[in-house]
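The residues making up each chain are set out below.
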Amino acid sequence: MKKFLRFIEKFEEIFLVTTMVAILLMIFSQALFRYFFGSGIVWGEEFARYIHVAQVWIGSSLAIKMGGHIRVTFVRDLMNDTCKKVLDLLATFLFFVFMAFITYKGTLFILQLLETGQKAPSSGILMAIPYSVIPLGAFFMVLRLIQQFRGILKGELLEEEIEGVEQ
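Residues numbered from 1 in each chain as written. Predicted model: local features only at pLDDT ≥ 70, side-chain atom pairs only at ≥ 80, totals over all residues. Heavy atoms only, no water.

**Focus: the overall build of the chain**
At step 1: The helix and strand inventory of the chain stands at six helices and zero strands.
At step 2: Across its three principal axes, the chain shows a C-alpha extent of roughly 65 × 45 × 30 Å.
At step 3: For the chain, contacts bridging at least 24 residues in sequence account for 73% of all contacts bridging at least 6.
At step 4: Taking the 16 positively charged and 15 negatively charged side chains of the chain as two groups, their mean positions are separated by 9 Å. (Helix = DSSP H or I, 4+ residues; strand = E, 2+ residues; numbered from the N terminus. Contact = heavy atoms within 4.5 Å. Lys, Arg positive; Asp, Glu negative; His and termini not counted. Charge placed at Lys NZ, Arg CZ, Asp CG, Glu CD.)

**A closer look at the packing of aromatic side chains**
At step 1: The tally for this structure, following the rule as stated, stands at seven aromatic pairs.
At step 2: Pairing Phe11 with Phe15 gives two aromatic rings, centres 5.8 Å apart and planes at 25°, and the pair type is stacked. With Phe11 and Phe15 both in helix H1 (residues 2–37) and four residues apart, this pair spans about one turn of that helix.
At step 3: Centre to centre, the rings of Tyr35 and Phe36 are 5.0 Å apart; their planes meet at 85°, and the pair counts as edge-to-face.
At step 4: By relative accessible area, Tyr35 is classed as exposed at 67%. (Phe/Tyr/Trp six-rings, centres within 6.5 Å; stacked < 30°, edge-to-face > 60°. Buried < 20%, exposed > 50% of the residue type's maximum accessible area, 1.4 Å probe, protein only.)

**Quick notes on helix H2 (residues 44–66)**
At step 1: Helix length check: H2 (23 residues) gives 32 Å between terminal C-alpha atoms against 33 Å at 1.5 Å per residue, within 8%.
At step 2: Of all bends in H2, the biggest is about 25°, found at Ser60.
At step 3: The positive-phi residue at the C-terminal boundary of H2 is Gly67, with phi of around 75°. (Expected span 1.5 Å × (residues − 1). Bend = angle between axes of the 7 residues up to and from the residue.)

**Some points on the side chain of Gln30**
At step 1: With respect to the helices and strands, the residue Gln30 is situated in helix H1.
At step 2: Sequence-distant contacts of Gln30, that is, excluding residues within four places in its chain, are made with Gly40, Ile41, Gly44 and Glu45.

**A few points about the side chain of Glu12**
At step 1: Residue placement: Glu12 occurs in helix H1.
At step 2: Apart from residues no more than four positions distant in its own chain, Glu12 is found in contact with Ile58, Ser61, Leu62, Phe140 and Arg144.

**Brief notes about the packing of H1 against H2**
At step 1: With their axes 9 Å apart at the nearest point, H1 and H2 run at an angle of 155° to one another. Judged on the interaxial angle alone, H2 and H1 are roughly antiparallel. Pair H1 / H2 crosses with left-handed handedness. (Axes fitted to C-alpha atoms, helices over the stretch in contact; angles between N-to-C directions. Parallel < 35°, antiparallel > 145°, perpendicular 65-115°, else oblique. Left-handed = near helix turned anticlockwise from the far one by under 90°.)

**A short note on the environment of Glu13**
At step 1: Along the chain, Glu13 turns up in helix H1.
At step 2: Residues Glu13 and Leu62, 49 residues apart in the sequence, show an inter-C-alpha distance of 8.0 Å.
At step 3: Leave out the neighbours within four places in its chain, and Glu13 touches Leu62 and Met66.

**Observations regarding the environment of Glu156**
At step 1: Residue placement: Glu156 occurs in the segment after helix H6 (133–153).
At step 2: The exposure class of Glu156 is exposed, given its relative accessible area of 51%.
At step 3: Residues Glu156 and Ser132 lie 24 residues apart in sequence; the distance between their C-alpha atoms is 33 Å.

Structure representation (structure tokens):
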């Protein structure tokens, strides 16, 4: 399981860097085409939009691993370690249930899109391809939340240092 999780982490990192470069190149080429030819690449903006959405879904999984999701901790900070652990377990469990639901419903949605054969307006690719990042990203988040849940059970509280804020 650890090898699989390391593979996913490497995939996430490589995917995010590669797609960031792809978006930058696409937006730069769009600007050049519009300046020199008066018109951009027809499918360029659609491509950049789909890639950006993919970055959010895949990047959210990596953010769980790194502890980078936004949390409101005002009430939690007033509690002792036992209550913090219970609250962290509850929050992680609820997040897990939600992501498992998104994975399931997203997969059903992709299967429905494959049946209908719906295509993107500009590029003509099957809409199931860009939308498939939703259940994939949610599944990656489910795996990360299981990791996080196990860590909390082992006694690792979800503490994070925030730059510029004193504890």
